[in-house]
Amino acid sequence: MESQSFSSIILSSLLLSLLLTSASAQLREDFYKTSCPNVESLVRSAVQKKFQQTFVTAPATLRLYFHDCFVRGCDASVMLANSSPEKDHPDDISLAGDGFDTVIKAKAAIDSVPQCRNKVSCADILALATRDVVSLTGGPFYKVELGRRDGRISTKASVQRRLPHPEFNLDQLNSMFASHGAHTLGFSHCSKFFNRLYNFRTKNKTDPTINPNYASQLKGMCPKNVDPRIAINMDPSTPQQFDNAYFKNLKQGMGLFTSDQILFTDPRSRATVELFASNNAAFQKAFIIAITKLGQVDVKTGNQGEIRRDCSLVN
């Protein structure tokens, strides 16, 4: 997954996230009941303030959580800084700074309360912040299981082949999500779908599964000599709203990546796309199940990890 560019596979295809398998872990919603009882309100207040400063807070935080959980589990190892960390891998290097900053600011807010100082893990803060940005953009407000410890190890090599790519087919997506855990928010750089517009294996060089009008629109925004820094919204209809428009777009041939559109063109997943496109409540219910499972993947508890005093450093 690349950049804000590939900001998107933010929980990449919800219907596939439902295949997630999770590690059994000792997580519970009231984990900080006595050690830091106001943890949720402290995080929520910090996230709201950051969100009011810039909308990018939402997709950046979602994407950071996704990338963290898919590599070494949900342990905030993606935030660590060392000689060769996860965040330096090509698939992570363009993670938006606003996601990291959201966690750092929430951590500072928590640690400003003497009772809570150094009691809450960065991993749990990221999980809570993710729930809050989903809610702030119109998505469901769901309960978050807590009790994760922070990882001590972060290596660039560990990211290799752990994240989905925009050209994946359904079998590749199923394989990846079955061993781990939709994008409706985010934006992408033109280079991530350039081949679908100009170098496809058809006479006119354009992927025939793209809606012709949408293809023309994309070509207008991403001409052949486009500046690689140019980014466009992944959802052309409601780019700043957490909703089921992603699935409606797929039905109209408006999936930005091959790995998006295949969910509708492949008969094995089409029924799920149809359901979520027609029923936003069903989509949101499924999302809660999926993101809860994602938050359980390979988590560290007890003495398996630590509570980092600085989310970027091992104690």
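Above this note sits the structure.
Treat the numbers as computed from the prediction; the structure is a model and nothing was measured.

(A) Fine view of the overall build of the chain. Scanning the chain from terminus to terminus reveals 12 helices and two strands. Scanning the chain from its N terminus toward the C terminus, one meets helices and strands in the order α-α-α-α-α-α-β-α-α-β-α-α-α-α. By residue count, 56% of the 315 residues in the chain fall in the buried class. Element-wise, carbon and sulfur atoms account for 50% of the exposed surface of the chain, whose accessible area totals about 13100 Å².

(B) Seen up close, the state of the cysteines. All told, the structure shown has four disulfides when counted by the stated rule. The disulfide partner of Cys69 is Cys74, and the S-S distance across this bridge is 2.1 Å. Negative torsions about the S-S bond denote left-handed disulfides, and the value of about 120 degrees found for Cys69 with Cys74 makes this one right-handed. Here Cys122 is linked by a disulfide to Cys311, with a sulfur-sulfur distance of 2.1 Å. With the S-S dihedral at roughly -95 degrees, the linkage between Cys122 and Cys311 falls on the left-handed side. Across the pair, exposure class does not vary: Cys122 and Cys311 are buried alike. Taken in N- to C-terminal order, the disulfide-linked cysteines of the chain are connected 1-4, 2-3, 5-8, 6-7.

(C) Spotlight on helix 12 (residues 280-294). Under the 1.5 Å per step criterion, the end-to-end length of helix 12 is 21 Å for 15 residues, consistent within 8% with the ideal 21 Å. Taken together, the buried positions of helix 12 are occupied by Ala282, Phe283, Gln284, Ala286, Phe287, Ala290, Ile291 and Leu294.

(D) Geometry of the packing of helix 3 (residues 57-70) against helix 4 (residues 97-111). Helix 4 packs onto helix 3 with a crossing angle of 85 degrees between their chain directions and a minimal axis gap of 7 Å. Of the possible angle classes, the one that applies to helix 3 and helix 4 is roughly perpendicular. Touching Thr57, Ala60, Thr61 and Leu64 of helix 3 are Asp98, Gly99, Phe100, Thr102 and Val103, all from helix 4. The residue makeup of the contact of helix 3 with helix 4, split by class, is four nonpolar, four polar and one charged.

(E) Structural view of the packing of helix 10 (residues 258-265) against helix 11 (residues 267-278). Across the interface, helix 10 lies against helix 11 with an axial gap of 5 Å and an inter-helix angle of 90 degrees. The angle between helix 10 and helix 11 places the two elements in the roughly perpendicular class. In this structure, helix 10 uses Ile262, Leu263, Phe264 and Thr265 to contact helix 11, whose residues at the interface are Pro267, Ser269, Arg270, Val273 and Glu274. Class assignment of the residues belonging to the contact of helix 10 with helix 11 gives a composition of five nonpolar, two polar and two charged.

(F) Highlighting the side chain of Gln284. Position of Gln284 relative to the elements: it lies in helix 12. When its relative accessible area of 16% is taken as the criterion, Gln284 is described as buried. Residues within four places of Gln284 in sequence aside, it is in contact with Gly138, Gly139, Pro140 and Phe242.

About the criteria used
Residues numbered from 1 in each chain as written. Predicted model: local features only at pLDDT ≥ 70, side-chain atom pairs only at ≥ 80, totals over all residues. Heavy atoms only, no water. Helix = DSSP H or I, 4+ residues; strand = E, 2+ residues; numbered from the N terminus. Buried < 20%, exposed > 50% of the residue type's maximum accessible area, 1.4 Å probe, protein only. Areas by Shrake-Rupley, 256 points an atom, 1.4 Å probe, with all protein chains shown as cover. Disulfide = S-S within 2.5 Å. Expected span 1.5 Å × (residues − 1). Axes fitted to C-alpha atoms, helices over the stretch in contact; angles between N-to-C directions. Parallel < 35°, antiparallel > 145°, perpendicular 65-115°, else oblique. Contact = heavy atoms within 4.5 Å. Nonpolar A, V, L, I, M, F, W, Y, C, P; charged D, E, K, R; others polar.

Coordinates in, geometry out; function isn't part of it.
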